[in-house]
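# Close look at the chain arrangement
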Amino acid sequence: MNGFMLAGLCYVASNNLLCNLACEISMTTDFSLHTPNTGADMSTSANAGTSGTNAATSVAHAERFAELIDLLARDHTLTHEQWRVLYTLHAAYLAAVASGTTDPAFEHALATLFERAKTLRDEIYGRTVFLRGLLEVSNYCKNDCFYCGIRAHNTNLTRYRLSLDEILESCAIGYSLGYRTFVLQGGEDPHFPYGDVVAALHKTYPDCALTVSAGELSRAEYQALYDAGARRYLLRHETANACHYGQLHPHAMNLEERKRCLYTLRDIGFQVGSGFLVGAPFETPDTWAENMEFLHELDPHMIGIGPFIPHKDTPFATCAPGSVEATLFSLACLRLAHPYALLPATTALATLAPNGRIRALDAGANVIMPNISPQTHRDDYALYNHKLASGLEAVECHQALVEDLERHGYHTLATRGDSLLPTT
Ligand code: 5AD
């Protein structure tokens, strides 16, 4: 471990001393060896697939999993304990598969979950995949999130801000291809004129939905964006457990403020998107369950989740990435819990698996956000290692993307693709 890593560890450790005690998470945890805690203390023992597994146990675990999925499909939610057990059963299954054990009963239960999620998506949204043109407008960021490649302390990248002309040019290309939603995403950059850009786009493309994803702002700043014409805002909560939040972020950030922003956005009238990192360092069955509980409470229009992927210039550089399977499982659970939510097949998932996008759609997702930023700056928006910014992830390959979707039974439409979440 180099000095930078050590400093990062110490920083995170001191940041979370009290929190960690409360969370009963060992301060000696080695980031580089991090693997998801599969919750050995769970009330229904779920060591399926580990040594000593017998066929009867495996079937019992598959049955318990299937029961919980039935409950989820019926009630669209579970208790904390049920979420925790569901996660733990799945994590145990993944561990078994990783050690070479096959578990046909569990495989069947999991395939049923994916099938139900896909069928529910079909019932509500059909096979239409909504496209959003993603513009990575600025990689300046005043924050220092431990997982993120554009964090303020990373000096190993060239900072940029797109000009209004660059943005208008990119949107013109996107519009001609049928994009009717543009997403302005950036770091928390107080000097990027989000309001002016939104106003200009709203004037040029009054038929398009404008989404902003620019982090935590004051109520007045959110209101100004709304008044300029933005109607959607993406702000992932990242993790809904306060201790875990402290382990992923510096002191200056806290979960309460994050939640305040999300509720303020909703109160103003935005269609709100939130979401979390799957397999982030220090994730446990409890933190995952709390994500599901918080999303139930918030009931957002959009839910974006993707696997954590390490970035070489962050304190989490040597942490293990989240898994494709855990992300697909989480997506399918989210579809059953939030039938009307817009669920993107995220770039992070496509980065880890070449077929990640289609697998996400087959697990209930219904949105893809191709990158329409000018190619010159794409590599500088590296949130994590090897982030895809070309191929089917990018606007240049629009036709190939459409054909790939069609091959798998999906189609796109030149519409805004608003959420069908009933308004309360
Ligand atoms: N791995 C995966 N996703 C990341 N993000 C930031 N850094 C990473 C990473 N290392 C995600 C965060 C953020 C979104 C814009 O990108 O969840 O909300």
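Refer to the structure presented above.
Residues numbered from 1 in each chain as written. Predicted model: local features only at pLDDT ≥ 70, side-chain atom pairs only at ≥ 80, totals over all residues. Heavy atoms only, no water.

Quick look at the nonpolar core now. Proteins that are soluble and globular tend to have nonpolar side chains buried together. Ranked by size, the top nonpolar core spans 116 residues in total, and within it Phe65, Trp83, Ile167 and Phe270 carry the most contacts. The greatest single-element share of this core, amounting to 10 residues, is contributed by helix α12 (residues 324–337). Setting aside chain neighbours within four positions, we find tryptophan 83 in contact with Leu72, Thr77, Leu78, Trp288, Ala289, Met292, Glu293, Cys333 and Ala337. (Core = buried A, V, L, I, M, F, W, Y, C linked by side-chain atoms within 4.5 Å. Buried < 20%, exposed > 50% of the residue type's maximum accessible area, 1.4 Å probe, protein only. Helix = DSSP H or I, 4+ residues; strand = E, 2+ residues; numbered from the N terminus. Contact = heavy atoms within 4.5 Å.)

Topologically, aspartate 144 is positioned in the loop between β2 (133–138) and α6 (164–176). Contact partners of aspartate 144, with chain neighbours within four places excluded, come to Arg151, Ala152, His153 and Pro250.

A few words now on the site of the ligand. The ligand sits among Tyr147, Cys148, Gln185, Arg236, Glu238, Leu277, Pro307, Phe308, Ile309, Leu383 and Tyr384. At 2.9 Å, a side-chain N or O of arginine 236 approaches an oxygen atom of the ligand. The protein chains hide 88% of the 400 Å² of surface that the ligand would expose on its own. Its residues placed into classes, the shell around the ligand shows eight nonpolar, one polar and two charged. (Near = heavy atom within 4 Å. Polar contact = N/O pair within 3.5 Å; in protein donor to acceptor, adjacent residues only side chain to side chain. Areas by Shrake-Rupley, 256 points an atom, 1.4 Å probe, with all protein chains shown as cover. Nonpolar A, V, L, I, M, F, W, Y, C, P; charged D, E, K, R; others polar.)

When you line up the elements, valine 59 lands in helix α3 (residues 55–75). With relative accessibility at 37%, the residue valine 59 sits in the partly exposed group. As a C-alpha pair, valine 59 and alanine 109 span 50 residues in sequence and 9.8 Å in three-dimensional space.

Attention now moves to the sheet that holds strand β3 (residues 181–186). Taken in spatial order, the six strands of this open sheet run β2-β3-β4-β5-β6-β8, and their pairing is parallel. Strands at the two margins of the open sheet, each flanked by one partner only, are β2 and β8 (302–303). Relative to strand β6 (residues 271–274), strand β5 (residues 232–234) is paired through three bridges, and the arrangement is parallel. In the strand pairing of β6, leucine 234 is matched with glycine 273. (Pairing = 2+ DSSP bridges.)

Attention shifts here to the pattern of salt bridges. Using the criterion set out here, one finds 22 salt bridges in the structure. For the salt bridge of arginine 84 with aspartate 286, the shortest nitrogen-to-oxygen distance reads 4.0 Å. Of this pair, arginine 84 sits in helix α4 (residues 80–98) while aspartate 286 is found in helix α11 (residues 285–298), placing the two residues 202 residues apart along the sequence. When its relative accessible area of 31% is taken as the criterion, aspartate 286 is described as partly exposed. For arginine 260, the salt bridge is made with glutamate 257, and the minimal N-O distance between the two is 2.8 Å. In this pair, arginine 260 and glutamate 257 both sit in helix α10 (residues 255–268), three residues apart, roughly one turn of the helix. Overall, the relative accessible area of 31% leaves arginine 260 in the partly exposed class. Residue classification places glutamate 257 among the partly exposed residues on the basis of a relative accessible area of 27%. Each member of the salt-bridge network shares a partner with another, and the members are Glu81, Arg84 and Asp286. (Salt bridge = Lys/Arg side-chain N within 4 Å of Asp/Glu carboxyl O.)

The subject of this paragraph is the sheet that holds strand β1 (residues 128–131). Spatial ordering of the open sheet is given by β10-β1-β11, a layout of three strands whose pairing is parallel. The open sheet has two free edges, formed respectively by β10 (367–368) and β11 (411–412), since each of these has just one partner strand. Taken together, the two bridges between β1 and β10 define a ladder with parallel strand orientation. Following the sheet pairing, phenylalanine 130 is matched in β10 by valine 367. In the packing of helix α15 (residues 398–407) onto the sheet, contacts are made with β1, β10 and β11, and the angle to β1 comes to roughly 160°. (Axes fitted to C-alpha atoms, helices over the stretch in contact; angles between N-to-C directions.)

Function cannot be inferred from these measures alone, as they are strictly geometric.
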